[in-house]
Amino acid sequence: MHIDILTLFPQMFQGMFSLGIFKRAIDQKLVSVGVHNIRDYTHDKHHTADDYPYGGGAGMVLKPEPIFEAVESIEREADVPVILLSPQGRLFSQQVAQELSRHSHLILICGHYEGVDERVREHLATDEISIGDYVLSGGELAAMVVIDAVFRLVPGVLGSEASPLDDSHVAGLLEYPQYTRPATYRGWSVPEVLLSGNHAQIDNWRREQAIQRTYKHRPELLDKAELSSEEKRLVERLRQS
Ligand code: SAM
């Protein structure tokens, strides 16, 4: 999987790709990134990437020419998604991350200031993604959120010992509680079943905890989760209690 990022601030991505699992995944060639400075595609001596909005108003707007030229300079297949990060886009979720992880190449455009010229949205971007109903100063943090969620789904990136399958939102539930050593801390003990070594009982306990936790924190998720008839009865009991 390869992701190209168009940004005015390439330095912001240095930390993300020089540490931890993503550095290891890049070193192992499981994933790769290309960080492109939008200013490198300007042609005036001041490298102007933004300009005043037509019609007046506060702030600056990113010009279309350098963004079009940057995308066109990237070697790509015809069906590679060109994603504009924007608070006006469809809402990012684990399902969207899964959908994007099925592509071998993505291009992400980070806006800034008041946003990007509308012609980028209309004639260049093939998708528009928001990471939440709030406004950030730039698309860089949003791009990092998308890249993190997508890269960790690429086989091998999390390492053989870790599996994203039980993670919250993967199967429509929040994850069960996790504990590690010590078995008792300040008088708070780890649930007995987790020390039992009985994997069937542990799996049942975890599934039940995941349902209870989802009911407590995000009950609306249960409407779409795939539950057995016994699990549906558990949800009914929780609703009635
Ligand atoms: N004026 C724009 C509007 O109201 O829709 C907001 C522009 S915002 C200050 C600047 C840039 O930050 C956007 O072009 C976008 O790339 C990024 N951005 C801001 N909030 C975002 C969000 N919730 N999700 C994804 N990107 C976001």
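Structure shown above.
Bear in mind that the values here come from a model prediction, so they are computed numbers and not experimental data.

Next up on the list: the packing of aromatic side chains. Aromatic ring pairs are reported here in terms of the distance separating the ring centres and the angle at which the planes meet. Tallied over the full model, the rule gives 3 aromatic pairs. Taken together, a centroid distance of 6.1 Å and an interplanar angle of 55° make the contact between F22 and F151 tilted. With F22 in helix α2 (residues 20-27) and F151 in helix α6 (residues 140-151), this pair connects stretches of sequence that are 129 residues apart. The two residues F22 and F151 agree in class, both being buried.

For the structure shown, the criterion picks out 11 salt bridges. E99 is the salt-bridge partner of R90, the closest N and O atoms lying 2.8 Å from each other. Judged by its relative accessible area of 31%, R90 is partly exposed. Two residues, R239 and D223, come together in a salt bridge whose shortest N-O distance is 3.4 Å.

Attention now moves to the sheet that holds strand β7 (residues 127-130). Read across the sheet, 5 strands follow the order β2-β1-β6-β5-β7 without closing on themselves; strand pairing throughout is parallel. The strands lining the two open edges of the sheet, one partner per strand, are β2 (32-37) and β7. Sheet twist, expressed as the mean angle between neighbouring strand axes with direction ignored, is 35°. Alignment of strand β1 (residues 2-7) against β2, held across 6 bridges, turns out to be parallel. Paired with T7 across the bridge in β2 is N37. Running over the sheet, α6 touches β1, β2, β5 (82-91), β6 (105-110) and β7 and is turned about 160° from β6.

There is about 400 Å³ of room inside the largest pocket. Around the largest pocket sit 24 residues that line it, and L85, S86, P87, G115 and L136 are the ones nearest its centre. Those elements that place two or more of their residues in the lining of the largest pocket are β5, α5 (118-123) and β7. The dominant element in the lining of the largest pocket, judged by the number of residues it contributes, is β5, at 5 residues. Across the lining of the largest pocket, the residue classes break down as 11 nonpolar, 10 polar and 3 charged. In this model, the second largest pocket occupies a volume close to 330 Å³. Lining the second largest pocket we find S93, Q94, Q95, H169, G172, R218, E220, L221 and K224. Class assignment of the residues belonging to the lining of the second largest pocket gives a composition of 1 nonpolar, 5 polar and 3 charged. Here the lining of the second largest pocket spans two domains, since at least three of its residues come from each of domain 1 (2-151) and domain 2 (168-240).

On to the site of the ligand, then. Surrounding the ligand, one finds 20 residues, the nearest of these being L85, Q88, G111, E114 and Y134. A distance of 3.1 Å separates a nitrogen atom of the ligand from a polar atom in the backbone of I131. In the model, an oxygen atom of the ligand is placed 3.5 Å from a nitrogen or oxygen of the G139 main chain. Coverage of the ligand by the protein chains reaches 85% of its 580 Å² of free accessible surface. One can see that the ligand is located within the largest pocket. For the shell around the ligand, the secondary structure elements donating two or more residues are β5 and β7. Top contributing element to the shell around the ligand by residue count: β5, with 4 residues. A breakdown of the residues in the shell around the ligand according to their chemical character gives 9 nonpolar, 10 polar and 1 charged.

Rules used in this analysis
Every chain is numbered independently, its residues counted from 1 as its sequence is written. Local features are withheld for residues below a pLDDT of 70 in this predicted model, meaning they are given only at 70 or higher, and side-chain atom pairs are given and counted only at 80 or more; totals for whole chains, interfaces and linings count all residues. In computing side-chain values, all of the structure's heavy atoms are included and hydrogens and water are not. Ring geometry is summarised as follows: Phe, Tyr and Trp rings, the Trp one being its six-membered ring, pair when their centres sit within 6.5 Å, and such pairs are stacked at plane angles under 30 degrees, edge-to-face over 60 and tilted between the two. Strands here are runs of E lasting at least two residues and helices are runs of H or I lasting at least four, both read from the DSSP assignment and numbered beginning at the N terminus. When a residue's accessible area, from a 1.4 Å probe over protein chains only, is under 20% of the maximum for its type it is buried; when over 50% it is exposed; and in between it is partly exposed. Only one rule defines a salt bridge in this text: a Lys or Arg side-chain nitrogen within 4 Å of an Asp or Glu carboxyl oxygen. By the convention used here, strands pair only if DSSP detects at least 2 bridges between them. Fitted lines through C-alpha atoms serve as axes, helices being fitted only where they are in contact, and the angles separating the N-to-C directions of these axes extend from 0 to 180 degrees. Residue contacts are counted whenever heavy atoms from the two residues lie within 4.5 Å of one another. Using a 1 Å grid laid over the protein atoms alone, points where a 1.4 Å probe fits but cannot get out form a cavity; open sets with protein on both sides within 12 Å along at least 5 of 7 lines form a pocket; any residue with an atom within 4 Å of a point counts as lining. Grid points are joined across faces, edges and corners, and a volume is the space filled by probe spheres set on the points. Residue type decides the class: Asp, Glu, Lys and Arg count as charged, Ala, Val, Leu, Ile, Met, Phe, Trp, Tyr, Cys and Pro as nonpolar, and the leftover types, Gly among them, as polar. Start and end positions for the domains come from either an automated domain assignment or a database one. Near residues are defined by distance, with any heavy atom within 4 Å of the molecule or strand qualifying the residue. Definition of a polar contact: a pair of N or O atoms within 3.5 Å, with one able to donate and the other able to accept a hydrogen when the atoms are protein atoms, and with sequence-neighbouring residues admitted only if both atoms are side-chain atoms. Using a 1.4 Å probe, the Shrake-Rupley method yields the accessible areas, and only the shown protein chains count as cover for residues. The way we define it, a molecule is inside a pocket or cavity when more than half of its atoms are within 2 Å of that pocket's grid points.

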